[in-house]
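# A structural walkthrough
Okay, here's what each chain looks like letter by letter:
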Amino acid sequence: MSKIIAIANQKGGVGKTTTAVNLAASLVATKRRVLLIDLDPQGNATMGSGVDKHDLERSLYDVLTGRCRTAEAMQHSEEGGFDVLPSNGDLTAAEVELMELPRREQRLREALAEVRPDYDYILIDCPPSLNMLTVNALVAAHSVLIPMQCEYYALEGLSALMQTIESIQSGPNTALQIEGLVRTMYDPRNSLTVDVSNQLTEHFGDRVYSTVIPRNVRLAEAPSFGLPALKYDKTSRGAMAYLALAGEMNRRTNAAQKTAAASV
């Protein structure tokens, strides 16, 4: 059964979409079956996966509002090797429509039930805000992966996100866990970066991934070509970092599964 991970942070510009696309491609490179869900109306994860958001017959909007089944809206990223549940500006309307629909917080969880057995990982790229779309992601997910830029304002955003996660844990998804924190746009020459990184490690311990994602021009360039960095320049520091992150995630997942099996 697949592991569903929401990639979330209420602060924008911390590398959520970059992480979603590149982690998906890197997990595929480790022989995992991956579905990437673009839950942001901007559609950046869709475009970054090589799928044209302007030319969609069906999208996540149609899935959430019951206009089609999940599999009918999915596309395959040829370059990334993973499947994509794409989005575009139509998803903005879903935020309004969901408020009038029954089980509005459960729509994504229910939509994924039919495809979950086909994947090892389902990654959800969340919008940078707390709205009904983000709530749907957190209700559907087993865990939350938090990309963190190591700066002061990122800590402020983290505090707000943790409050959101706690509210979901106390209600619609009591099993929701913190998958981990991944430090993005990391520059060890910056003393503030190092200070914030140390604070994160001190507070969250081993939930902070050892792998850090460096500032890297290839990571910034790749989306304009509709490619993950692994296909754009597989030797770049950014591509190698996401491969390392995928490996670390696989090891953590395997260890957790062994622990769970041993406790049965």
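This write-up is about the structure you can find in this document. (Residues numbered from 1 in each chain as written. Predicted model: local features only at pLDDT ≥ 70, side-chain atom pairs only at ≥ 80, totals over all residues. Heavy atoms only, no water.)

Turning to the overall build of the protein, a few remarks are in order. The number of helices and strands found in the protein is 12 helices and 8 strands. For 264 residues, the compact-globule estimate of 2.2 N^0.38 gives 18 Å, and the C-alpha radius of gyration of the protein, at 17 Å, lies within 12% of that figure. Dimensions along the principal axes, computed over C-alpha positions, put the protein at roughly 50 × 40 × 40 Å. Taking contacts inside the protein between residues at least 6 apart in sequence as the whole, the part at least 24 apart equals 78%. In the form shown here, the protein has an accessible surface area of approximately 11,900 Å², with 49% of it arising from carbon and sulfur atoms. Averaging the coordinates of the 26 positive side-chain charges in the protein and doing the same for the 31 negative ones gives two points 6 Å apart. (Helix = DSSP H or I, 4+ residues; strand = E, 2+ residues; numbered from the N terminus. Rg over C-alpha atoms; globule rule 2.2 N^0.38 Å. Contact = heavy atoms within 4.5 Å. Areas by Shrake-Rupley, 256 points an atom, 1.4 Å probe, with all protein chains shown as cover. Lys, Arg positive; Asp, Glu negative; His and termini not counted. Charge placed at Lys NZ, Arg CZ, Asp CG, Glu CD.)

Across its 14 residues, helix α9 (residues 191-204) extends 20 Å between first and last C-alpha, which sits within 8% of the 20 Å expected from 1.5 Å per residue. Those residues of α9 lying buried are T193, V196, S197, L200 and F204. Projected down its long axis, α9 carries its buried residues within an arc of 105°, all on one side. Those residues of α9 that are exposed and angled more than 90 degrees off the buried face are S191 and E202. The inward-facing, buried residues of α9 contact β6 (143-149), α8 (152-169), β7 (177-186) and β8 (208-214). If you check the start of α9, you find a side-chain oxygen 2.8 Å away from the backbone N of L192, and it comes from N190. Within two residues after α9, G205 carries a phi angle of roughly 60°, on the positive side. (Expected span 1.5 Å × (residues − 1). Buried < 20%, exposed > 50% of the residue type's maximum accessible area, 1.4 Å probe, protein only. Arc of directions from axis to C-beta. Polar contact = N/O pair within 3.5 Å; in protein donor to acceptor, adjacent residues only side chain to side chain.)

Our next topic: the sheet that holds β6. Judged by pairing direction, the sheet is mixed, and its 8 strands sit side by side in the order β3-β4-β2-β5-β1-β6-β7-β8 without closing on themselves. Two strands close off the open sheet at either side, each with one partner strand: β3 (75-76) and β8. Relative to strand β5 (residues 121-125), strand β2 (residues 34-38) runs parallel, the two sharing 5 bridges. Bridging across to β5, L35 finds its partner in I122. (Pairing = 2+ DSSP bridges.)

This part is about the packing of aromatic side chains. In total, this model carries 1 aromatic pair according to the counting rule given. Seen from their ring centres, F225 and Y232 are 5.0 Å apart, and the 25° between their planes marks the pair as stacked. For F225, a relative accessible area of 52% gives the class exposed. Its end group placed over the ring of Y209, R252 keeps NZ or CZ at 3.8 Å from the ring centre. (Phe/Tyr/Trp six-rings, centres within 6.5 Å; stacked < 30°, edge-to-face > 60°. Lys NZ or Arg CZ within 6 Å of the ring centre and 35° of its normal.)

A word on the side chain of T19. Along the chain, T19 turns up in helix α1 (residues 16-29). Overall, T19 belongs to the buried group, its relative accessible area being 0%.

With that out of the way, let us pick up the pattern of salt bridges. Tallied over the full model, the rule gives 10 salt bridges. Here E110 and R103 are joined by a salt bridge, their closest N and O atoms 2.4 Å apart. Several salt bridges share partner residues, and in doing so they unite R218, E221 and D233 into one network. (Salt bridge = Lys/Arg side-chain N within 4 Å of Asp/Glu carboxyl O.)

Right, let's talk about the pairing of β7 for a bit. β7 sits mainly inside the fold: 8 of its 10 residues count as buried. On the question of chirality, the crossover connecting β6 to the parallel β7 by way of α8 is right-handed. Direction of pairing for β7 relative to β8: parallel, over a ladder of 3 bridges. Bridge pairing in β8 places Y186 opposite P214. Assessed by its sense of winding, the connection that carries the chain from β7 through α9 to β8 is right-handed. (Right-handed = clockwise from strand over helix to strand, strands pointing away.)

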